[in-house]
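Topology and contacts: notes
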Amino acid sequence: MTSLTLRTPAKINPVLEVLGPRPDGYHELRLVFQAVALYDELAFEKTAEGVALEIPESPVPLAADDSNLVVKAARLFLREVGKARGGVRIRLRKKIPLAAGLGGGSSDAAATLRGLDELFQTHAAPGKLLDLAARLGSDVPFFLYGGTGLGEGRGEKITPWEEGFEFHLVLVKPAAGLSTPAVYRSGKACFTRGDRAGDFRRILRQEDLRGVADHLFNGLEPAAQFLLPETTELKESLLKAGALGALVSGSGPTVFGLAEDAAQARRIADCLEGDGRTVVATKAVSTGIQILKDLS
Ligand code: C5P
């Protein structure tokens, strides 16, 4: 294979519980990941050596250097799995907003690991890719599964769930971003016992959209609202526009609202447009990274 194109989804966290701080500086979490139908696209092409990243049409300045998680993922893969297989040129088309709480960078990193494993036909054991993913970031392993899953530990220990259904939602990302470490460090996170995910799984099994709305919970939400009060306003606006429930996604600042169906999601999205926000009507999906085309 000489080239390969993948697409990789964004995520929301309908349940995110922070159990408490850990000695290693992270926080112990118990959270639900849900993939949503908003995708970044990555094209990989073999080269003689090295890692080159291009980000055409990037909506905002985005480093294409070693600080980019895609470059880190590619270097880590080539060092540990694809030794002496040559290099790679990666073109990244960003659709998932940055610093948004939607896992875009993590998703791109996971897609890079999967893409290089395909491109070089290295057939890495799933456990090896998961290990590399966890070293790149707490959210990265989830994207090797996609769909719906439970995250534990720092969020990197994933149990995929069969449960999950195609509910519709609206994502609203304010113009400003939020830094994940700043959200955790704010002292405003709410610590809970971690017993909400079990109930949530039962609700998913019943495909109970109102139950989903009633059980949304994010222990990082007070921290995101403290650092960026606009997130509180956006949540109120989503509910006023008819969303069944609304919540800050991950460490924010994106707020998502649940909708009855695709038409209502579009109507709610229209109400939230403006002020430099990114507004997307989308839906939960059961898939993860997908191959769009390969040229052998
Ligand atoms: O794992 P990742 O690099 O994405 O984490 C970014 C930062 O978010 C960490 O350095 C830490 O400050 C915070 N974090 C945390 N607890 C977690 C995940 C992330 O405190 N479970």
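Counting of residues starts from 1 at the beginning of each chain's written sequence and follows it residue by residue. Local features are withheld for residues below a pLDDT of 70 in this predicted model, meaning they are given only at 70 or higher, and side-chain atom pairs are given and counted only at 80 or more; totals for whole chains, interfaces and linings count all residues. The basis for the side-chain values is all heavy atoms of the structure; hydrogens and waters are excluded.

Quick look at the overall build of the protein chain
Across its full length, the protein chain carries ten helices and twelve strands. To get the radius of gyration, use the C-alpha atoms; to get the globule rule, take the number of residues to the power 0.38 and multiply by 2.2 Å. For 296 residues, the compact-globule estimate of 2.2 N^0.38 gives 19 Å, and the protein chain sits close to it at 19 Å. Considered along the principal axes of its C-alpha atoms, the protein chain spans approximately 55 × 40 × 35 Å. Here the protein chain, with 296 residues, has 53% of them falling under the buried criterion. We call two residues in contact when some of their heavy atoms are within 4.5 Å. Of the contacts formed within the protein chain by residues at least 6 apart in sequence, a portion of 77% connects residues at least 24 apart. Charge counting treats Lys and Arg as positive and Asp and Glu as negative, with His and both chain ends excluded. Positions of charges follow a simple convention, taking NZ of Lys, CZ of Arg, CG of Asp or CD of Glu. Separation between the mean location of the 36 positive side-chain charges and that of the 37 negative ones in the protein chain comes to 3 Å. Strands here mean DSSP runs of E at least two residues long; helices mean DSSP runs of H or I at least four residues long; both are numbered from the N terminus. Residue exposure (1.4 Å probe, protein chains only): buried if accessible area is under 20% of the type maximum, exposed if over 50%, otherwise partly exposed.

Looking at the domain arrangement of the protein chain
The start and end points of each domain follow an automatic or database-based domain assignment. Entries for the protein chain in the domain assignment read domain 1 (3-155) and domain 2 (168-283). Relative to domain 2, the C-alpha centre of domain 1 lies at a distance of 23 Å. Once two parts are joined, some of their accessible surface, as seen by a 1.4 Å probe, is lost; buried area is that loss totalled over both. Buried area between domain 1 and domain 2, both sides added, is near 2300 Å², and the carbon and sulfur share of it is 64%. Of all residues in domain 1, Leu16, Glu17 and Val18 give up the largest surface area on contact with domain 2, accounting jointly for 24% of the area buried on that side. When a carboxyl oxygen of Asp or Glu is within 4 Å of a side-chain nitrogen of Lys or Arg, the pair counts as a salt bridge. Taken together, domain 1 and domain 2 are joined by one salt bridge. For arginine 196, the salt bridge goes to glutamate 17, with nearest N and O atoms at 3.3 Å. Contacts described as polar in this section are N or O atom pairs within 3.5 Å, which, within protein, must combine one atom able to donate a hydrogen with one able to accept it, while residues neighboring in sequence count only if both atoms come from side chains. Our enumeration of links across domain 1 and domain 2 arrives at 15 residue pairs in polar contact (both at pLDDT 80 or more). Taken together, the elements giving at least two residues each to the side of domain 1 that touches domain 2 come down to strand E1 (3-21), strand E2 (27-47) and strand E5 (148-153). Put simply, Ala, Val, Leu, Ile, Met, Phe, Trp, Tyr, Cys and Pro go in the nonpolar bin, Asp, Glu, Lys and Arg in the charged bin, and everything else, Gly too, in the polar bin. Across the side of domain 1 that touches domain 2, the residue classes tally to 19 nonpolar, five polar and three charged.

A short note on the packing of aromatic side chains
Aromatic rings from Phe, Tyr and Trp, with only the six-membered ring used for Trp, were paired whenever their centres fell within 6.5 Å, and each pair was classed as stacked if the ring planes differed by under 30 degrees, edge-to-face if by over 60, and tilted otherwise. Throughout the structure, instances matching the rule amount to three aromatic pairs. Relative to phenylalanine 142, the ring of phenylalanine 33 lies with its centre 4.6 Å away and its plane at 10°, an arrangement referred to as stacked. Here phenylalanine 33 is found in strand E2, whereas its partner phenylalanine 142 is found in helix H4 (residues 140-145), with 109 residues between them in sequence. Relative accessible area serves as the criterion here: at 0%, phenylalanine 33 is assigned to the buried category. Ring centres of phenylalanine 165 and phenylalanine 167 lie 5.4 Å apart, and the angle between their planes is 65°; on these two criteria the pair is classed as edge-to-face.

Looking at the pattern of salt bridges
Counted according to the given criterion, the structure contains 23 salt bridges. The salt bridge involving arginine 277 is made with glutamate 230; its shortest N-O contact spans 3.9 Å. Within this pair, whereas arginine 277 is found in the loop between helix H10 (262-272) and strand E11 (278-283), its partner glutamate 230 is found in helix H9 (residues 230-240), the two being separated by 47 residues in sequence. In the salt-bridge network here, residues are joined through shared partners; they are Glu45, Glu54, Arg89 and Arg91.

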